[in-house]
Amino acid sequence: PHIPAASPVAPGYVLVYAPEHPGAYKSSSRRGYVLEHRLVWEQTHGKPLDPDMHVHHINGIRDDNRPENLVALTRADHQRLHAQEKRRLNQQSRP
């Protein structure tokens with residue numbers, strides 16, 4: 001089953017019940033669920049995603065889990081990318 005993710009997972013993400021997945025949540029409220037975008041990335045690339053890797057939604061839409069919209073990044077690269085996007089948006093909003 002699919003459920004929309006709620007706090008502490010940011011709103012907009014989709015969780016999928018996959019209790020045997022090594023990345024499944026262990027907490028009682030989400031036990032056995034995995035973020036769908038991580039599953040899609042793994043299925044598309046035919047290999048497990050390192051737990052330290054982040055999956056970025058290229059178009060920024062958190063529930064758009066099409067393979068062509070997902071890219072795996074290190075945490076540092078993911079943070080850097082979001083910082084660049086934020087700077088770009090701030091510059092565009094200036095008169």
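Residues numbered from 1 in each chain as written. Predicted model: local features only at pLDDT ≥ 70, side-chain atom pairs only at ≥ 80, totals over all residues. Heavy atoms only, no water.

A. Local environment of the overall build of the protein chain. Tallying secondary structure elements over the protein chain gives 2 helices and 5 strands in all. In the protein chain, the succession of α and β elements from N to C terminus is β-β-β-α-β-β-α. Here the C-alpha coordinates of the protein chain stretch approximately 50 × 30 × 20 Å along the principal axes. Within the protein chain, contacts between residues at least 6 apart in sequence are counted, and of these 21% link residues at least 24 apart. With an accessible surface of roughly 6600 Å², the protein chain has 55% of that area assigned to carbon and sulfur atoms. Distance between charge centroids for the protein chain: 9 Å, based on 13 positive and 10 negative side chains. (Helix = DSSP H or I, 4+ residues; strand = E, 2+ residues; numbered from the N terminus. Contact = heavy atoms within 4.5 Å. Areas by Shrake-Rupley, 256 points an atom, 1.4 Å probe, with all protein chains shown as cover. Lys, Arg positive; Asp, Glu negative; His and termini not counted. Charge placed at Lys NZ, Arg CZ, Asp CG, Glu CD.)

B. Seen up close, the side chain of Glu36. Here Glu36 shows up in helix α1 (residues 36–45). Despite its burial, Glu36 pairs with no opposite charge; the closest candidate is Arg66, at 10 Å N-O. Here the side chain of Glu36 touches Asn65 through a polar contact of 2.6 Å, side chain to side chain. (Buried < 20%, exposed > 50% of the residue type's maximum accessible area, 1.4 Å probe, protein only. Salt bridge = Lys/Arg side-chain N within 4 Å of Asp/Glu carboxyl O. Polar contact = N/O pair within 3.5 Å; in protein donor to acceptor, adjacent residues only side chain to side chain.)

C. Seen up close, the confidence of the model for the protein chain. Overall, the predicted model of the protein chain reaches an average pLDDT of 88, with 91% of residues at or above 70. Mean pLDDT values over the elements of the protein chain span from 59, in strand β1 (residues 2–4), up to 97, in strand β5 (residues 70–73). (pLDDT = per-residue confidence, 0-100.)

D. Spatial organisation of the nonpolar core. Formed by Val40, Trp41, Leu49, Val55, Leu70 and Ala72, the largest nonpolar core amounts to 6 residues. When residues of this core are traced back to their parent elements, those giving at least two are α1 and β5. Contact partners of Leu49, with chain neighbours within four places excluded, come to Arg38, Trp41, Glu42, Val55 and Ala72. With 5 residues, the next largest nonpolar core counts Val16, Ala18, Ala24 and Val34 among its residues. (Core = buried A, V, L, I, M, F, W, Y, C linked by side-chain atoms within 4.5 Å.)

E. Broad picture of α1. Most of α1 is tucked away, with 7 of its 10 residues classed as buried. The complete set of buried residues in α1 reads Glu36, His37, Arg38, Leu39, Val40, Trp41 and Glu42. Positive backbone phi, at 65°, marks Gly46, one or two positions downstream of α1.

F. A look at the environment of His45. Along the chain, His45 turns up in helix α1. His45 sits 15 residues away from Arg30 along the chain, and the two C-alpha atoms are 25 Å apart. There is a polar contact of 2.9 Å between the side chain of His45 and the backbone oxygen of Trp41.

G. Structural view of the environment of Glu20. One can find Glu20 in the loop between β2 (14–17) and β3 (33–35). Remark: the alpha-carbon pair of Glu20 and Glu42, spanning 22 residues in sequence, is separated by 14 Å.

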